[in-house]
Each structure stands twice: as structure tokens, then as C-alpha cells.
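# Coordinates in review
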Amino acid sequence: MTIFSQSVSPCGKFLAAGNNYGQIAIFSLSAALSSEAKEESKKPVVTFQAHDGPVYSMVSTDRHLLSAGDGEVKAWLWAEMLKKGCKELWRRQPPYRTSLEVPEINALLLVPKENSLILAGGDCQLHTMDLETGTFTRVLRGHTDYIHCLALRERSPEVLSGGEDGAVRLWDLRTAKEVQTIEVYKHEECSRPHNGRWIGCLATDSDWMVCGGGPALTLWHLRSSTPTTIFPIRAPQKHVTFYQDLILSAGQGRCVNQWQLSGELKAQVPGSSPGLLSLSLNQQPAAPECKVLTAAGNSCRVDVFTNLGYRAFSLSF
């Protein structure tokens, strides 16, 4: 089994995980973290068939879980799922160029200020959907190959996208125009031709971006398009996120890597999967007792880290 995606519930007490068989499992973090937790507490409270193919990406709004697979995104009500009523609320398919095209949707991104959802994947385009009306409002074109990842610059209405073409593109959502392109593999210090040029993960924090994949995991100053830190890790990274004054990354290999912004490796914390594809930080203020990091990838297990120093236990799909 491979677990591609994770999303925390709006209340912070539950975690959804999506696998390569199209199933979504809902785990109770509050039960698994309780002092009275049993082995049963680490198993799903409900599992259901959500998509025909893999569940590549998931995000949660204040009421819904949105999941993406091949060609479409679906919505599920958190309240109904927890009562084990797993009926889809709606499904939407972006306007693809031909009716025969069913590209995978690799990334979902919420834009809270405009109550919209951005989808991207195998058709090399970013599609924006109005969550109130369910209509697709714009298409952003520029990538020449699969898009793997998206990130939002919260202070400005801008979105970053990275993909198989080796480019990170910055889009202004007000004008629907591409305003900056960083071709990471063309920078000698980042380039690793034996791994390819693909960008598999990215994250942003104000004027800073971190991205990795085929090229080295690198911290960039966006305004000047300058790479400032090359992180010394050989394995391609599949997920990266800023956390307080650290950068967390994971990919090929068992470990969650903790980096100082200077490039120094603070810690490598081993998990139970041979490779990791997603990290999820539960920072919902409604459930401080469930503040954990979860990591999942090439196994049926979701590792739970109650602090960043060690794996406390694993949930089992």
C-alpha cells in the first residue's frame, strides 16, 4: 500500500489518509493519543472507497474534506463521515482540452481569502474553482509537463507551482498571469542531472521559498530569484514545509529531516515507511492536545510524532 495524502479535520481531532487503492481512512487522533489508547485506537474509525484510482491529494475546509484522484475532485462532509455516512456531496471535473483526457490531479490548494480551490496535475495547468458556486473561474497556463506541487503566498494573492518541467512558476491571482519563473535545474549549485529536473515539493514563507525533487533541496529568496542555502541531502525530497524556525523535509528513505535555515541538519528522525510522500502538521487551535506531526508514504502506516524528536507510534490503514 502507498499513502499519498493526508488532511486534518477542522476540529483537529481526526486525520484523513488517502491511499493508492482509492480508499480514505479516518483516524481518531484524540483516541490514539489518549492515555487509555489501545491497539484498536490506532486503526481507522471508518474506511471507504472514495475514488477508482489513487487519492493523490486532500485538503479540508471548515466543513468539508476535498479529495482528488484521476480527473476529478470530490467533497465529503466531515460531520457525516464521522457518523460513517460516507456519501459524496459533490464532484467536479476541470474543463480539460478533450473529453478523453483524464489527467491525475496531484495537488489541491485552498485560497481562503477568495474562498477558492486551485487544482493542478497531469494536464500541466492550474484550474481555479469557486467553492461557493462550484464553477471553474480561470486556467493558468505555462508549465510544459506534469505539475506536482502548489504553495500559497498568504500575504499576497500569489501561488507557486512546481512540476516535471523543472520550473517553479509564480502566479498573480489578480491578473491570472505568470510573474516569475525559476528554472531550478539551470542553477549549477542546485542541478543534479542524474536525478532529473522535476520539482516534487515546495513551500513558501513570505519572501522565501524552499523546493526540491530532482535538483537539490534549496532555500530561495524569491524577490531576487537567488538560491541562498543548498541542503546537503542526496535523496530526492517529496514533501517540505516551514515549521517555526526550521524546515522539515521527507522523501526517499525513512527519515523526517529537520533543517536549520542555514543548511545545518538538526535531526533525522526515523519512521516506519521505507519512503515518505506526505507530512501533515496538526496546528488546529481547537485541539492543542492533538498537536502532532504525521508522516506517510510507501506503507500502510501513518507515523505520529508527538514532538519532533521521535516517533511515538503508528496508525495503521
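Quick look at the structure, then. Nothing here was measured: the structure is a model prediction, and the numbers come from that model.

Rules used throughout
Residues numbered from 1 in each chain as written. Predicted model: local features only at pLDDT ≥ 70, side-chain atom pairs only at ≥ 80, totals over all residues. Heavy atoms only, no water. Pairing = 2+ DSSP bridges. Helix = DSSP H or I, 4+ residues; strand = E, 2+ residues; numbered from the N terminus. Axes fitted to C-alpha atoms, helices over the stretch in contact; angles between N-to-C directions. Phe/Tyr/Trp six-rings, centres within 6.5 Å; stacked < 30°, edge-to-face > 60°. Buried < 20%, exposed > 50% of the residue type's maximum accessible area, 1.4 Å probe, protein only. Lys NZ or Arg CZ within 6 Å of the ring centre and 35° of its normal. Salt bridge = Lys/Arg side-chain N within 4 Å of Asp/Glu carboxyl O.

## Quick notes on the sheet that holds strand S6 (residues 64–68)
- The strand order S5-S6-S7-S8 describes an open sheet built from 4 strands, whose pairing is antiparallel. A single partner strand is all that each edge strand has here, and the edge strands are strand S5 (57–60) and strand S8 (90–92). Across the sheet, the mean angle separating the axes of adjacent strands is 20° when strand polarity is ignored.

## What to know about the packing of aromatic side chains
- On inspection of all chains with the given rule, the structure shows 4 aromatic pairs.
- Ring centres of Phe231 and Trp259 lie 5.3 Å apart, and the angle between their planes is 55°; on these two criteria the pair is classed as tilted. Here Trp259 lies in strand S23 (residues 255–260) and Phe231 lies in the loop between strand S20 (226–230) and strand S21 (237–243), a separation of 28 residues in the sequence. Accessibility classification places Phe231 together with Trp259 in one group, the buried group.
- When the ring centre of Tyr185 is taken as reference, the NZ or CZ atom of Arg197 above it lies at 4.0 Å.

## Details of the pairing of S23
- Both strand S22 (residues 246–251) and S23 contribute to a ladder of 4 bridges, which runs antiparallel. Residue Ser249 lies in a different strand from S23, and its bridge partner there is Asn257.
- Between the end of S22 and the start of S23, which pair antiparallel, lie 3 residues, with Gly253 showing a positive phi angle near 110°.
- When S23 meets strand S24 (residues 265–270), the two strands line up antiparallel, connected through 5 bridges. Across the sheet, residue Gln258 finds its bridge partner in S24, namely Ala267.
- Taking the residues between adjacent antiparallel strands as the criterion, S23 and S24 are bridged by 4 residues, where Gly263 takes a positive phi near 105°.

## Digging into the pattern of salt bridges
- Summed over all chains, the structure comprises 13 salt bridges.
- Where Glu88 meets Lys74, a salt bridge forms, and the shortest distance between an N and an O atom there is 3.4 Å. With Glu88 in the loop between helix H2 (78–82) and S8 and Lys74 in strand S7 (residues 73–77), this residue pair connects regions lying 14 residues apart in the sequence.
- With relative accessibility at 30%, the residue Glu88 sits in the partly exposed group.
- Put simply, Arg138 and Glu114 hold a salt bridge, and the shortest N to O gap is 2.6 Å. Highlighted residues: Arg138 in strand S12 (residues 136–141) and Glu114 in the loop between strand S9 (105–111) and strand S10 (116–121), separated in sequence by 24 residues.
- The exposure class of Glu114 is partly exposed, given its relative accessible area of 34%.
- Connected via shared salt-bridge partners are Glu72, Lys74, Glu88 and Arg91.

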